[in-house]
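# Examining the three-dimensional arrangement
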Amino acid sequence: MKIGGIQRLSLLDYPDKTCCTIFTVGCNYRCPFCHNASIICNSVPENGILQEEVIEFLKRRKSLLDGVCITGGEPLLQDQLESFIREIKSLGFLVKLDTNGSLPKKLKQLIETGLVDYVAMDIKNSPDSYGQTIGINNYNLDPIKESVDLLLSNIVPYEFRTTVVRQLHTSKDMLAIAQWIKRAEHYYLQNFVDSGDVLESGLSGFSREEMQDFQELIRPIIPSVELRGI
């Protein structure tokens, strides 16, 4: 496992649970607004953490944490992810996986073997704007559509979420996303916040009122839509 860092306590990353958050290294996307730009290349930073260190930390937190959130980068790129999660599960923790949905077969395997208890999948933009948003021209959306359909089948508790960026998202995009995932039980709009560790400078989020307008635009299609980061 290539691990770029760990947040030892989070009350936000796993709904209704206390967790730690593990950041895996490497991603197959190049989203200009990525807030973890320093770990999306495939090299472990100097402050990287060994898998054994994470397991030892978790052993000391068995009575204090409910679960572990594994995020990235894109965790499903990690060859040792399944065995790593098995170690975590053996300690009694719930596991939440954050993914961009680009590797549906690996996602399905983890879910069907009971290794993942909750999935958060990023919906980067409307189908027509996907390639631009992830930094890959002429991107084939078939794997994303497969992952969306998998989660919409309610095979595991899940959420969809979109980080909304002024320079990349329009009302038309938001409506197209809502129509695409209209059977979603949980959908979150996350306002972009510049972490200082992004691939492209000059990006910005929306005002609270504008985010609420997006929410109201989507609500007739996805009644459960909620806002984050405002």
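Residues numbered from 1 in each chain as written. Predicted model: local features only at pLDDT ≥ 70, side-chain atom pairs only at ≥ 80, totals over all residues. Heavy atoms only, no water.

### A look at the pattern of salt bridges
Condition: Note on definitions: salt bridges are taken to be side-chain nitrogens of Lys or Arg within 4 Å of carboxyl oxygens of Asp or Glu. Helix and strand assignments come from DSSP, with helices taken as H or I runs of at least 4 residues and strands as E runs of at least 2, each series counted from the N terminus. Only protein chains enter the accessibility calculation, which uses a 1.4 Å probe; a residue whose area is less than 20% of its type maximum is buried, one above 50% is exposed, and one in between is partly exposed.
Across all of its chains, the model carries 11 salt bridges by this definition. The partner of Arg161 in a salt bridge is Asp122, and the shortest N-O contact between them spans 2.8 Å. Residue Arg161 is found in strand β6 (residues 158-164), and its partner Asp122 is found in strand β5 (residues 118-122); the two are separated by 39 residues along the sequence. Each member of the pair, Arg161 together with Asp122, is buried. Look at the salt bridges and you will find they share partners, linking Lys96, Asp98, Asp122, Lys124 and Arg161 into a network.

### Brief notes about the packing of helix α3 (residues 104-112) against helix α5 (residues 142-152)
Here is the rule we go by: To define axes, lines are fitted to C-alpha atoms, for helices over the stretch in contact only, and angles between the resulting N-to-C directions are given on a 0 to 180 degree scale. Throughout, the term roughly parallel applies to angles under 35 degrees, roughly antiparallel to angles over 145, roughly perpendicular to angles from 65 to 115, and oblique to all others. By definition in these notes, contact holds between two residues if any of their heavy atoms fall within 4.5 Å. When residues are sorted by character, Ala, Val, Leu, Ile, Met, Phe, Trp, Tyr, Cys and Pro go into the nonpolar class, Asp, Glu, Lys and Arg into the charged class, and all the rest, Gly among them, into the polar class.
In the contact formed by α3 and α5, the axes pass within 9 Å of each other and the chain directions differ by 25°. One way to sum up the angle between α3 and α5 is to call them roughly parallel. Every residue of α5 that contacts α3 at Pro104, Lys105, Leu107, Lys108 and Ile111 is listed here: Pro143, Glu146, Ser147, Leu150 and Leu151. The class makeup of the residues in the contact of α3 with α5 is 6 nonpolar, 1 polar and 3 charged.

### With respect to the layout of surface pockets
For clarity, the cut-off: A cavity, in this analysis, means grid points on a 1 Å lattice covering only the protein atoms where a 1.4 Å probe fits yet has no way out; a pocket is instead an open set bounded by protein on both sides within 12 Å along at least five of seven lines, and a residue lines either one if it has an atom within 4 Å of a point. Grid points are joined across faces, edges and corners, and a volume is the space filled by probe spheres set on the points.
Taken as a whole, the largest pocket holds about 1100 Å³ of empty space. Lining the largest pocket we find 42 residues, and of these Asp13, His35, Arg161, Thr163 and Gln190 sit closest to its centre. Of all elements in the fold, only β1 (3-10), β2 (19-24), β3 (67-71), β4 (94-99), β6 and β7 (187-191) reach the threshold of two or more residues within the lining of the largest pocket. Top element by residues in the lining of the largest pocket is β6. It accounts for 4 residues. Looking at the lining of the largest pocket, its residues break down into 16 nonpolar, 16 polar and 10 charged.

### Topic: the side chain of Glu159
Put simply, the rule reads: In the analysis that follows, any N or O atom pair within 3.5 Å is treated as a polar contact, provided that within protein one partner can donate a hydrogen and the other can accept it, and provided that, for residues neighboring in sequence, both atoms belong to side chains.
Positionally, Glu159 belongs in strand β6. Separated by 2.7 Å, the side chains of Glu159 and Tyr118 make a polar contact.

### Considerations on the nonpolar core
Spelled out, the test is: The nonpolar core is taken to be a set of buried Ala, Val, Leu, Ile, Met, Phe, Trp, Tyr and Cys residues, with the residues joined through side-chain atoms within 4.5 Å.
Phe160, Ile181, Tyr187 and Leu189 are the most contacted members of the largest nonpolar core, which totals 68 residues. Residues in contact with Ile181, not counting those within four places in the same chain, are Ile123, Val148, Leu152, Phe160, Tyr187 and Ile222.

Geometric values such as these leave the question of function open.
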